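Residues per chain are reported as follows:
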Amino acid sequence: ALNFLIYKDLPQPIFNNFDIGSYIIYRGYPKYSVFVDGRPEAYPKEFFLQTYIPVQSDYTKFKELDGQLGFKTVIFSHTDQTPWGRNFLQNIVKDSDWSSVYIDDLMIILVKNEVVLEKNLTVLNLDKLDPTQYNFKNHVSYLRLGIFLQNSGNQTSSASFFEKAYQVFPQSPILTGQRNHFFW
């Protein structure tokens, strides 16, 4: 994801989740700054309680903050297990102002629509993602992406990623017995 961000020269400001802020700094400094990272001296408890969690829990608050800061790029770990992170992702992937331009087994990148045009980026249709376009080395990667797609309402592609995970590792204790009723 960071290779994509850097290679495509995606614009700032960036909105990111806590999990990946430090990595963005590691790979993108000095060009890229982040919304949040793991430094406790830079982000006090009040920031998390009054800004970080609320803008992900209530999408209207994100839209207000976006109106103030003018985010151009969102890079987010779609494996984020917090209720606010999952809520945010389920909302932003449906927001017509944003387009998904990159996804892998851990991260998703969205940009404002004007960035798509400016950078001539390909927009991903999350419900039509094809697992054959990915070459993950293990079934867990397909499973992670399938879970995100399922949670974000993209049932068609989530089923194909679960099926691919099953093909890679049919003895998976997670997938065995679930094939016909739980996931897909």
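Relevant structure appears above.
Residue numbers here run from 1 along each chain, matching the order of that chain's written sequence. For this predicted model, a pLDDT threshold of at least 70 governs which residues receive local features, and a threshold of 80 or more governs which side-chain atom pairs are given and counted, while totals over whole chains, interfaces and linings are taken from all residues. Only hydrogens and water are removed before side-chain values are computed, so all heavy atoms of the structure are retained for them.

## A few points about the pattern of salt bridges
Whenever Lys or Arg places a side-chain nitrogen within 4 Å of a carboxyl oxygen from Asp or Glu, that contact is recorded as a salt bridge. Applying the stated criterion across every chain, the model contains eight salt bridges. Across the pair Asp9 and Lys31 runs a salt bridge, and its minimum N-O distance is 1.9 Å. Taken together, the residues Asp9 in the loop between α1 (2-7) and β1 (14-16) and Lys31 in the loop between α2 (18-28) and α3 (45-57) connect sequence positions 22 residues apart. When salt bridges with common partners are traced through the structure, they connect Asp9, Lys31 and Lys119 into a single cluster. Per the convention used, a helix needs a DSSP run of H or I reaching at least four residues, while a strand needs a run of E reaching at least two, with both numbered from the N terminus.

## Examining the sheet that holds strand β3 (residues 98-103)
If you walk across this open sheet you meet the four strands as β1-β2-β4-β3, and the pairing is mixed. Each of the sheet's edge strands pairs with one partner strand only, and the pair in question is β1 and β3. Strand-to-strand twist of the sheet, defined as the mean angle between neighbouring strand axes without regard to direction, takes the value 20°. When DSSP finds two or more bridges between two strands, those strands count as paired. Taken together, the three bridges between β1 and strand β2 (residues 73-77) define a ladder with parallel strand orientation. By the bridge assignment, Phe15 is partnered in β2 with Val74. Lines fitted to C-alpha atoms define the axes, with helix axes restricted to the stretch in contact, and inter-axis angles between N-to-C directions lie between 0 and 180 degrees.

## Here's the deal with the nonpolar core
In terms of nonpolar packing, the biggest core is built from 54 residues, with Phe15, Phe62, Ile75, Ile92, Ile108, Ile109 and Phe148 touching the most fellow members. Residues within four places of Phe15 in sequence aside, it is in contact with Phe35, Val55, Gln56, Phe62, Phe71, Thr73, Val74, Ile75, Phe76 and Phe88. Buried Ala, Val, Leu, Ile, Met, Phe, Trp, Tyr and Cys residues that are joined via side-chain atoms within 4.5 Å together make up what is termed a nonpolar core. The classification of residues rests on relative accessible area computed with a 1.4 Å probe and restricted to protein chains. Under 20% of the type maximum is buried, over 50% is exposed, and intermediate values are partly exposed. By definition, residues are in contact when any of their heavy atoms lie within 4.5 Å.

## A few points about helix α7 (residues 139-151)
Any helix carries an expected span of 1.5 Å times its number of residues minus one. For α7, spanning 13 residues, the distance from its first C-alpha to its last is 18 Å, which sits close to the expected 18 Å at 1.5 Å a residue. For α7, the complete set of buried residues consists of His139, Ser141, Tyr142, Leu143, Leu145, Gly146, Phe148 and Leu149. The inward-facing, buried residues of α7 contact α5 (83-92), β3, β4 (107-112) and α8 (155-168). One or two residues past the end of α7 sits Gly153, with phi positive at roughly 85°.

## Concerning the packing of α7 against α8
In contact at an axis separation of 8 Å, α7 and α8 are set at 160° when each is read in the N-to-C sense. Here α8 runs roughly antiparallel to α7, going by the angle between their axes. Crossing of α7 over α8 shows left-handed handedness. On α8, the residues that touch His139, Tyr142, Leu143, Leu145, Gly146, Ile147, Leu149 and Gln150 of α7 are Gln155, Ser157, Ser158, Phe161, Phe162, Lys164, Ala165 and Val168. Side-chain classes follow a simple rule in which Ala, Val, Leu, Ile, Met, Phe, Trp, Tyr, Cys and Pro form the nonpolar group, Asp, Glu, Lys and Arg form the charged group, and the remainder, Gly included, forms the polar group. By residue class, the composition of the contact of α7 with α8 is nine nonpolar, six polar and one charged. Here is the rule for angles: anything less than 35 degrees is roughly parallel, anything more than 145 is roughly antiparallel, 65 through 115 is roughly perpendicular, and the remaining ranges are oblique. The crossing is said to be left-handed when, going from far helix to near helix, the turn is anticlockwise and less than a right angle, and right-handed when the turn is clockwise.

Remember, this is a structural readout, not a statement about activity or role.
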